[in-house]
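Secondary and tertiary structure notes
Each chain, written out:
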Amino acid sequence: MNAVANAAPPIASSGSVGAGFGWSFVRDLTLAWRHPGETVLVVAFYALVASLFPLGVGAEPQLLARIGPGIIWVCALLAAFLSLPALFATDYADGMLEQMVLSPHPMPAWVAGKIVAHWVASGLPLTVLSPLLGLQYGLDTATLGTLALALLLGTPILSLLGAACSALTLGARGGGMLLALLALPLFVPVLIFGAGAADAAASGLGAAPHLSLLGAGLILAAMAVPFAIAAAIRIALD
Amino acid sequence: MAGAPHLEGRALACTRGMATLFRDVSFVLDAGEWLAVRGANGSGKTTLLRCVAGLTRSEAGTVERSGDFIYAGHLAAINDDLDAAENLKSLLALRGVDAPAPAIDAAIDRVGLAKRRMLPARRLSAGQRRRIGLARLALDPAPIWILDEPLTALDDAGRSLFEELLHAHVRAGGLALVATHHDLAPVPARELRIGA
């Protein structure tokens, strides 16, 4: 009966940024791995919608090459949005979020871990798949590369901004719809610079300015968003 | 952990919307004591506990805590897709408690989930999920417990198991603030009645 008390004393340590980040990152990736269905759904949606456009607008190579990057970006944006509502809602519903707030780790640390895990499970596969989808639109190699690079910089911004909106809509009724209204307008700058990068590459202008702006946006979002989310979660739990 | 644990609330008050739940609630808890929070449904027991844990801001008053604490509310913080050991490990790791696998297994045996070890929590009953929470209490060395209705969904055996844990905790110099409607076996040092 007393085996528990005698079986090596557990040690409590104080919180740290690294431990908090690692904890939520590993946990969320484990859960995503348990249920690969969600990631598969996101990727399948992305591939399907991006493949419907050539069928819809006709097989004109010039037109397709012109609209390809924009369409792939819009599809990536919508696909990234699909898995956002559950990002904090599950932990909120089962009480884990309370325990996370009360943990000794700084809130922005584990919030960042969750966001990075979300990106690995949704943004990263979308980025990896994008050159393949670009081929359907007859994009040349340089444009494909720029498109993938722009997505690599842009999808983490989508995860960050989306997570902020997801935290803001915690506990709201009809949170999913509200989340769409809140998040999609915020995605607009990312879309403009992201699709603009590939356009610029296609017309031989050089995509560096667009990519630099995306990179700057990513740094800004990565620095500010975890703190904003921490505040939003505190409000939701109060 | 520096010194003996101590938990004190001074003149706490809380309003929700238009209604004042409680005002001027004070209590002191020292090592080796536990305090039962009593009150009718809706009198603000949960809110008081959340205030003390720091989840909800109180309208007035201060809370003084010295020592690590764990809070267990109505929501058990059990993920449906993880099994008992994984849930336990996750909860402990979050607090920075490094419990070795044999200790976790022993705790799961102790709360009577040995045969359900491999099942994801979604296949456990409400009481069995609660028992994962009991295993957490057994493993976490935090000297302060803030527990909201810990007996919900537990059967008689679960109840005596909880009483055993509470007894051991208090005897080992811990303290506990427990909202409950039951008369538990280690008699509380004091009772705190809230609400009119």
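Nothing here was measured: the structure is a model prediction, and the numbers come from that model.

So, how was this worked out
Residues numbered from 1 in each chain as written. Chains lettered and ligands numbered in written order. Predicted model: local features only at pLDDT ≥ 70, side-chain atom pairs only at ≥ 80, totals over all residues. Helix = DSSP H or I, 4+ residues; strand = E, 2+ residues; numbered from the N terminus. Buried ≥ 20, exposed ≤ 12 C-beta atoms within 10 Å, placed from the backbone. Contact = placed C-beta atoms within 7 Å. Nonpolar A, V, L, I, M, F, W, Y, C, P; charged D, E, K, R; others polar. Expected span 1.5 Å × (residues − 1). Pairing = 2+ DSSP bridges. Axes fitted to C-alpha atoms, helices over the stretch in contact; angles between N-to-C directions. Domains from an automatic or database assignment. Parallel < 35°, antiparallel > 145°, perpendicular 65-115°, else oblique. Left-handed = near helix turned anticlockwise from the far one by under 90°. pLDDT = per-residue confidence, 0-100. Core = buried A, V, L, I, M, F, W, Y, C linked by C-beta atoms within 7 Å.

Regarding the overall build of chain A
For chain A, the helix and strand inventory stands at 10 helices and 1 strand. Reading chain A from its N end, one meets helices and strands in the order α-β-α-α-α-α-α-α-α-α-α. The principal-axis extent of the C-alpha atoms belonging to chain A is close to 75 × 35 × 30 Å. Evaluated residue by residue, chain A yields a buried proportion of 46% over its 238 residues. Excluding contacts between residues fewer than 6 apart, the proportion of contacts in chain A whose partners are at least 24 apart in sequence is 82%.

Digging into the interface of chain A and chain B
Opposite the 28 residues of chain A that make contact, chain B presents 32 residues. Its residues assigned to classes, the side of chain A that touches chain B shows 16 nonpolar, 7 polar and 5 charged.

Regarding helix H4 (residues 61–82) of chain A
For the α-helix, the turn length of 3.6 residues means that residues three or four positions removed from each other point alike. Residue and element names in this part refer to chain A. Along its 22 residues, H4 runs 30 Å from first to last C-alpha, staying within 8% of the 32 Å computed at 1.5 Å per residue. Taken together, the buried positions of H4 are Gly68, Pro69, Ile71, Ile72, Trp73, Cys75, Ala76, Leu77, Ala79, Ala80 and Phe81. Buried residues in H4 make contact with helix H3 (36–57), helix H7 (107–136), helix H8 (141–168) and helix H9 (175–202).

So, the sheet that holds strand S7 (residues 144–148) of chain B
Residues and elements named next belong to chain B. With parallel pairing, the 5 strands of this open sheet are ordered in space as S5-S7-S8-S3-S9. At either end of the open sheet lies a strand with only one pairing partner, and these are strand S5 (69–72) and strand S9 (190–193). Each strand axis lies, on average, 15° off the axis of its neighbour in the sheet, ignoring direction. Of the strands in this sheet, strand S3 (34–38), S7 and strand S8 (175–179) touch helix H5 (residues 156–171), which is tilted by about 145° from S8.

Some remarks on the sheet that holds strand S2 (residues 19–30) of chain B
As a general point, the strands of a sheet are linked pairwise by backbone hydrogen bonds and lie either parallel or antiparallel. Residue and element names in this part refer to chain B. Taken together, the 3 strands give an open sheet; going across it, the order is S2-S1-S4, and neighbouring strands pair in antiparallel fashion. Every interior strand has two partners, whereas the edge strands, S2 and strand S4 (60–66), have only one. Geometrically, the sheet is characterised by an average inter-axis angle of 15° between neighbouring strands, direction not taken into account. The sheet contact formed by strand S1 (residues 6–16) and S2 spans 8 bridges and is antiparallel. Each bridged residue has a counterpart across the sheet, and for glycine 9 the counterpart in S2 is phenylalanine 27. Helix-sheet contacts for helix H1 (residues 45–53) involve S1, S2 and S4, and the interaxial angle to S1 is about 125°.

A few points about the environment of Phe21(A)
Residues and elements named next belong to chain A. By the element assignment, phenylalanine 21 lies in helix H2 (residues 17–34). Along the primary structure phenylalanine 21 and alanine 32 are separated by 11 residues, whereas in three dimensions their C-alpha atoms are 16 Å apart. Not counting chain neighbours up to four residues away, the residues in contact with phenylalanine 21 comprise Ala109, Trp110, Ala112 and Gly113.

Thoughts on the domain arrangement of chain B
When the parts of a complex come together, some accessible area is lost, and that lost area is often taken as the interface size. Residues and elements named next belong to chain B. Domain assignment breaks chain B into domain 1 (1–68 + 144–196) and domain 2 (80–141). Placing a centre on the C-alpha atoms of domain 1 and another on those of domain 2 gives a separation of 23 Å. Contact with domain 1, which involves 9 residues of that partner, is made by 8 residues of domain 2. The greatest single-element share of the side of domain 1 that touches domain 2, amounting to 4 residues, is contributed by H5. Of the residues that constitute the side of domain 1 that touches domain 2, the class distribution is 6 nonpolar, 2 polar and 1 charged.

Concerning the packing of H7(A) against helix H10 (residues 208–237) of chain A
Residue and element names in this part refer to chain A. Where H7 contacts H10, the axes come no closer than 8 Å and their chain directions differ by 110°. The angle between the axes of H7 and H10 places the two elements in the roughly perpendicular class. For the pair H7 and H10, the contacting residues are Met107, Pro108, Val111 and Ala112 in the first and Pro226, Phe227, Ile229 and Ala230 in the second.

Regarding the packing of H4(A) against H7(A)
Residue and element names in this part refer to chain A. Where H4 contacts H7, the axes come no closer than 11 Å and their chain directions differ by 155°. In terms of orientation, H4 lies roughly antiparallel with respect to H7. Judged by the twist between their axes, the crossing of H4 over H7 is right-handed. Contacts between H4 and H7 involve Gly68, Ile72, Ala76, Ala79 and Ala80 from the first element and Ser122, Gly123, Leu126, Ser130, Leu133 and Gly134 from the second. For the contact of H4 with H7, a count of residues per class yields 6 nonpolar, 5 polar and no charged.

As for the confidence of the model for chain A
Put simply, chain A has an average pLDDT of 90, and 95% of its residues get 70 or more. Confidence over residues 1–9 of chain A falls short of pLDDT 50; this stretch has 12 contacts with residues more than four positions distant or in other chains.

A look at the nonpolar core
In this structure, Ala76(A), Leu161(A), Ala164(A), Ala107(B) and Ile146(B) are the most contacted members of the largest nonpolar core, which totals 134 residues. Counting residues per element, this core draws most heavily on H8(A), at 15 residues. Counting contributing residues, this core receives three or more from each of domain 1 (1–68 + 144–196) and domain 2 (80–141) of chain B. What Ala76(A) contacts, discounting residues up to four positions off in sequence, is Tyr46(A), Leu126(A), Ser130(A), Leu151(A) and Thr155(A).

Concerning unusual backbone geometry
Residue and element names in this part refer to chain B. A positive phi angle, near 60°, is found at aspartate 24, a position not held by glycine. Note on placement: aspartate 24 falls in strand S2. Accessibility expressed as a C-beta count within 10 Å gives 10 for aspartate 24, which makes it exposed. The residue alanine 77 is not glycine, and still its phi comes out positive at about 60°. Owing to 23 C-beta atoms within 10 Å, alanine 77 belongs among the buried residues under this scheme.

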